[in-house]
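Overview (structure and organization)
Here is how the chains run, residue by residue.
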Amino acid sequence: LSVDTLHNIAYLDINSFGDRKEFKKYYQSIFKYLKQSPDMQLIIDLRNNGGGYFGHGNHFLSYLTPDKFRFNFQKPSSIKKKNEYMKLGKWEKLTEFAFSIKPKKYKLEGQKTRTFTYKPQKDKFAGKVHVINNGITFSVASLVAAQLHENDAVMYGEETGGGEISTNGMMIYKLELPNSKLKIS
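Residues numbered from 1 in each chain as written. Predicted model: local features only at pLDDT ≥ 70, side-chain atom pairs only at ≥ 80, totals over all residues. Heavy atoms only, no water.

**A word on the packing of helix H2 (residues 54-61) against helix H4 (residues 139-150)**
Here is the rule we go by: Orientation is described by axes fitted as lines to C-alpha atoms, over the contacting stretch for helices, and by angles from 0 to 180 degrees between their N-to-C directions. The helix count covers DSSP runs of H or I at least four residues long, the strand count covers runs of E at least two residues long, and both are numbered beginning at the N terminus. Should an angle fall under 35 degrees it is taken as roughly parallel, and over 145 as roughly antiparallel, whereas 65 to 115 is taken as roughly perpendicular and any remaining angle as oblique. A clockwise turn of the near helix away from the far one marks a right-handed crossing, whereas an anticlockwise turn of less than a right angle marks a left-handed crossing. Working rule for contacts: check all heavy atoms of both residues, and any pair within 4.5 Å makes them a contact.
Relative to each other, H2 and H4 sit at 20°, their axes nearing to 9 Å. With respect to H4, the axis of H2 lies roughly parallel. Between H2 and H4 lies a crossing whose hand is right-handed. Facing H2, whose interface residues are Phe 54, Gly 57, Phe 60 and Leu 61, H4 presents Val 140, Val 144, Gln 147 and Leu 148.

**Some details on the nonpolar core**
Quick reminder of the rule: Here, the term nonpolar core denotes a set of buried Ala, Val, Leu, Ile, Met, Phe, Trp, Tyr and Cys residues that are joined through side-chain atoms within 4.5 Å. Residue exposure (1.4 Å probe, protein chains only): buried if accessible area is under 20% of the type maximum, exposed if over 50%, otherwise partly exposed.
Ranked by internal contacts, the top residues of the largest apolar core, which has 32 residues, are Phe 17, Phe 31, Leu 42, Ile 44, Phe 60 and Leu 64. Among the elements that line this core, the one with the most residues is H4, at 6 residues. Setting aside residues no more than four positions away along its own chain, Ile 44 makes contact with Leu 12, Ile 14, Phe 60, Leu 64, Val 129, His 130, Val 131, Ile 132 and Leu 148.

**Section: the environment of Met 86**
Relative to the helices and strands, Met 86 is located in strand S5 (residues 86-88). Between the C-alpha atom of Met 86 and that of Leu 175, which follows or precedes it by 89 residues, the distance is 4.6 Å.

Pasting the structure below:
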């Protein structure tokens with residue numbers, strides 16, 4: 001975080017929404033500090049952000065959105081043809097199990113959906129938000145950009161490389177080629 005108090009501009013470079021617990025405390029301290037200057041404008045730089053853990057991206061958004069919002073994971077209800085060479089790793093299997101016991105709140109025919117709801121934080125940022133992104137802004141970073149765009153953030157740069165509708169980054173299948181035994185995620 002860099003702050004120009006003369007021009008009331010804060011610049012926050014986020015190169016990952018990695019799965020590290022200290023991010024929650026860091027965001028809390030940033031937005032508590034920014035709340036002291038209600039006229040502050042915030043520039044969020046998401047360029048080259050490959051994504052990370054959806055929970056951290058959505059926790060970050062909870063400081064920047066005026067209302068509660070939902071994050072949906074969707075996948076087809078059934079796979080038409082199984083590929084015998086595709087397998088989930090142990091962590092992905094655990095994630096799939098955890099999602100299977102999470103109640104559904106949003107239903108779409110032919111889809112299994114898991115919904116996570118986030119409420120705005122008490123130190124919610126009230127100033128104008130500007131977002132810089134590029135073609136290497138992926139996964140949850142592109143979802144953060146899309147949500148901020150819906151909440152009237154000013155967007156700069158290129159279109160993100162990720163999808164604004166959904167993500168499947170947590171369920172990464174492993175493909176093992178049958179002859180070479182080459183493994184691909």
